[in-house]
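Descriptive analysis of the structure
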Amino acid sequence: MYAPFELDIPTDLDGALAALANGGGKTVLPIAGGTNLIVDIRAKRERPDRMVGLGEVDELLGMDFGPERIAIGGRTTVSDLLRSPEIAQAAPSLIDAARLFGGLMVRNTGTVAGNIASGSPAADLVPPLLVLDAELTLASASATRTLALDDYYLGYKQDARRPDELITRISWPRLPENSANTFYKLARRKGDAITVTGVAVTLSVTDGSCTRARIALASVAPIVRRVKEAEAVLEGEALTPALIDEAATAAADACTPIDDIRASAGYRRHTVQALTRRLVTQAWDRLA
C-alpha cells in the first residue's frame, strides 16, 4: 500500500515549476518515469505529500545536435537514446549503458534526468555522462542555472538540486576527433541487474599523446564519481602498459566499495583495476 499523496499534472514547464515552488512546507517531489521513485515510495523510503507529474511537460523532451554541443531534454527516456543514431555516433558510452539498462519496460519509461536525480551509486547513465563532461540545466520558477554533473553529487543520496528545481536539460561538448568513449557494466547477468562495477572511459589523442582522459566509476563509492587521480596519470603522456597499470591502480585506490549481496568490496576493487586497465588499453590501441 502507498501512503496517500496529492498529485498535480501540469501541462507545461511553467506550471510544473510553479507547483514545485508552492510546496507550503510539504514534501513535493517531481515524477516522470517513476521507475526508482515508485519503488522508494512503496518501500517507504520516500513519503511525499504531493507529487508533480511531468508526463505532459513536452518542453522536457527533444534532442539538439549542434555543431559544438549536444543537448537532450530531461524527459528523454533510455529507449529514446537507443533509437538515436546521432547519440550512437556522438556518445557511444551512453549507448553501451542504455543497452543494459533494466528491462524493456524500464527503458521505455525511465528518464535520463530521473537516473541522475535518483542519486544511486549504481546509476548506469551517470558514468558515461561524467566522462563526456556533461552539464545540467537546473530550472526553478525564479531562475535557471547550469551546473557541471561532476559537481552535482554531494554525498550518498545528496545532491545540489534544490527542492523547487528540475533537471530540464543535459548537454555535453562534442568529442574531439581521434577520441574513444566507452562504458562497461559488470553485473550478475547481462540485463535487468544492478551494477556490481561500472567503468566509463574517454580518451583523446593528438600527435601520439593523450590530451584528455576521463575515467568514471559506478557502484564502488557513495556516489558515481570521476577518478581524477587516475586521469592525471594519463594526460600529457604517450601511454605504455606500465603507465596504464599505474592509472588502473590509482582508480582502484580511489574507490571506497562496500560488501553487499552482489559482491565483496575486495572483488569490486579488483574489477575496477582490471576494467580500467582493459578499457584504457582498448581505447589507446584504437587511437594511437
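Calculation rules
Residues numbered from 1 in each chain as written. Predicted model: local features only at pLDDT ≥ 70, side-chain atom pairs only at ≥ 80, totals over all residues. Heavy atoms only, no water. Helix = DSSP H or I, 4+ residues; strand = E, 2+ residues; numbered from the N terminus. Rg over C-alpha atoms; globule rule 2.2 N^0.38 Å. Buried < 20%, exposed > 50% of the residue type's maximum accessible area, 1.4 Å probe, protein only. Contact = heavy atoms within 4.5 Å. Areas by Shrake-Rupley, 256 points an atom, 1.4 Å probe, with all protein chains shown as cover. Expected span 1.5 Å × (residues − 1). Domains from an automatic or database assignment. Buried area = accessible area lost by both parts, 1.4 Å probe. Salt bridge = Lys/Arg side-chain N within 4 Å of Asp/Glu carboxyl O. Polar contact = N/O pair within 3.5 Å; in protein donor to acceptor, adjacent residues only side chain to side chain. Nonpolar A, V, L, I, M, F, W, Y, C, P; charged D, E, K, R; others polar.

Attention now moves to the overall build of the chain. The secondary structure content of the chain amounts to eleven helices and 14 strands. At 19 Å, the chain has a C-alpha radius of gyration in line with the 19 Å of a compact globule built from 288 residues. Its C-alpha atoms give the chain principal-axis dimensions of about 60 × 45 × 30 Å. Scored against the burial criterion, the 288 residues of the chain give a buried share of 50%. Taking the contacts inside the chain whose residues are at least 6 apart along the sequence as the reference set, 60% of them involve residues at least 24 apart. Here the chain displays about 13200 Å² of accessible surface, and carbon together with sulfur accounts for 51% of that area.

Attention now moves to helix α11 (residues 265-287). With 23 residues, α11 should reach 33 Å at 1.5 Å per residue; the first-to-last C-alpha distance of 33 Å fits that figure. Inspection of α11 places Ala265, Arg268, Thr271, Val272, Leu275, Thr276, Leu279, Val280, Ala283, Trp284 and Leu287 among the buried residues, and these make up the whole buried set. Packed against the buried residues of α11 are β11 (179-186), β12 (197-206), β13 (209-218), α9 (228-234) and α10 (241-254).

Bringing the domain arrangement of the chain into the picture now. Once the domains are mapped, the chain shows domain 1 (6-53), domain 2 (58-173) and domain 3 (179-287). Look at where the C-alpha atoms of domain 1 and domain 2 centre, and you get two points 19 Å apart. Facing twelve residues of domain 1, the contacting portion of domain 2 comprises 17 residues. For the pair domain 1 and domain 2, the summed buried surface comes to about 1100 Å²; carbon and sulfur atoms form 69% of the total. On the domain 1 side of the interface with domain 2, the three residues burying the most area are Leu13, Leu17 and Thr35, jointly 42% of the side's total. Summed over the shared surface of domain 1 and domain 2, the result is zero salt bridges. Linking domain 1 to domain 2 there are one residue pair in polar contact (both at pLDDT 80 or more). It is helix α1 (residues 13-21) that contributes the most residues to the side of domain 1 that touches domain 2, six residues altogether. A class-by-class count of the residues in the side of domain 1 that touches domain 2 yields eight nonpolar, three polar and one charged.

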